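Per-entry structural report
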Amino acid sequence: MADVEMTGLETGGAEAAGPMVRGSGLAALPGNLMMWILIFSELAVFGVAFLGFAVARVLDPAIFAAGQAHLNGTAGALNTMVLVTSGYLAAKGVAAGRCGAVPQARRAMLMAAAVGSVFLAVKAVEYSATLGAGLTIDTDSFFTLYFLLTGFHALHVVLGIVILLLVGRSGPDTLVENLETGAAFWHMVDLVWVILYPLVYLIR
């Protein structure tokens, strides 16, 4: 009898602990787990790139200071506000989806994607001015890293906009998970720019 009771207690304890185990770690993150694996991988890549940029600046501070003087800090600041605003709209879309307000959720994701596209327009104008001044990826080490870093990030913005549009079209059964998944990627894009902007444009 004692064995039976002990077994029952052990089973009950395992069952009680089950939700805690399933709800811990990566499994507790909102959205699809594979997206989070992608996000962490992308953050690692950007982290290495940022470290490389910082080391290169230490090795050649004069070149980097001269390069930064040619950048449009106002455009960079504007794009920061654009992405933060877009991220806010994506978060509102997730909140609406969780409340069952499907039309509002879809509209918020569409607005987030539309605002995100403003980032690309501003970046295109900035690139045009930089290239028009004769500053290209081959000019020096600063502009090589500038175009590589900002260009790689811009590609993530494009992908993020596509993802926001796709998850906004999800059916009611998968809407919330897909909204969370798309918003998670978009917030990663925001976070990378919040680090990239001061690193490339401001820090001397």
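Predicted model only: the values in this text are computed from it and were never measured. (Residues numbered from 1 in each chain as written. Predicted model: local features only at pLDDT ≥ 70, side-chain atom pairs only at ≥ 80, totals over all residues. Heavy atoms only, no water.)

It is worth spelling out the overall build of the protein chain at this point. Counting secondary structure elements, the protein chain contains 7 helices and 0 strands. Order of helices (α) and strands (β) in the protein chain, N terminus to C terminus: α-α-α-α-α-α-α. A total of 204 residues make up the protein chain; the buried ones form 39% of that total. On the protein chain, roughly 10,700 Å² of surface is accessible, and the fraction owed to carbon and sulfur atoms is 72%. (Helix = DSSP H or I, 4+ residues; strand = E, 2+ residues; numbered from the N terminus. Buried < 20%, exposed > 50% of the residue type's maximum accessible area, 1.4 Å probe, protein only. Areas by Shrake-Rupley, 256 points an atom, 1.4 Å probe, with all protein chains shown as cover.)

Moving on: the nonpolar core. Formed by 49 residues in total, the largest nonpolar core has its most connected members in F142, Y146, W186 and V200. Listing elements by their share of this core, those giving two or more residues are α2 (33-59), α4 (73-98), α5 (102-132), α6 (141-167) and α7 (175-202). Here this core gets 15 residues from one element, more than from any other, and that element is α7. Contacts of Y146, omitting those with residues within four sequence positions, involve L71, K123, E126, Y127, T130, G151, V200 and Y201. (Core = buried A, V, L, I, M, F, W, Y, C linked by side-chain atoms within 4.5 Å. Contact = heavy atoms within 4.5 Å.)

Here the focus is the side chain of E126. Counting through the fold element by element, E126 comes out in helix α5. The buried category is assigned to E126, whose relative accessible area is 4%. Side-chain polar atoms of E126 contact the side chain of Y146, separated by 3.2 Å. Those residues in contact with E126, other than ones at most four positions away along the chain, are N72, A75, Y146 and Y201. (Polar contact = N/O pair within 3.5 Å; in protein donor to acceptor, adjacent residues only side chain to side chain.)

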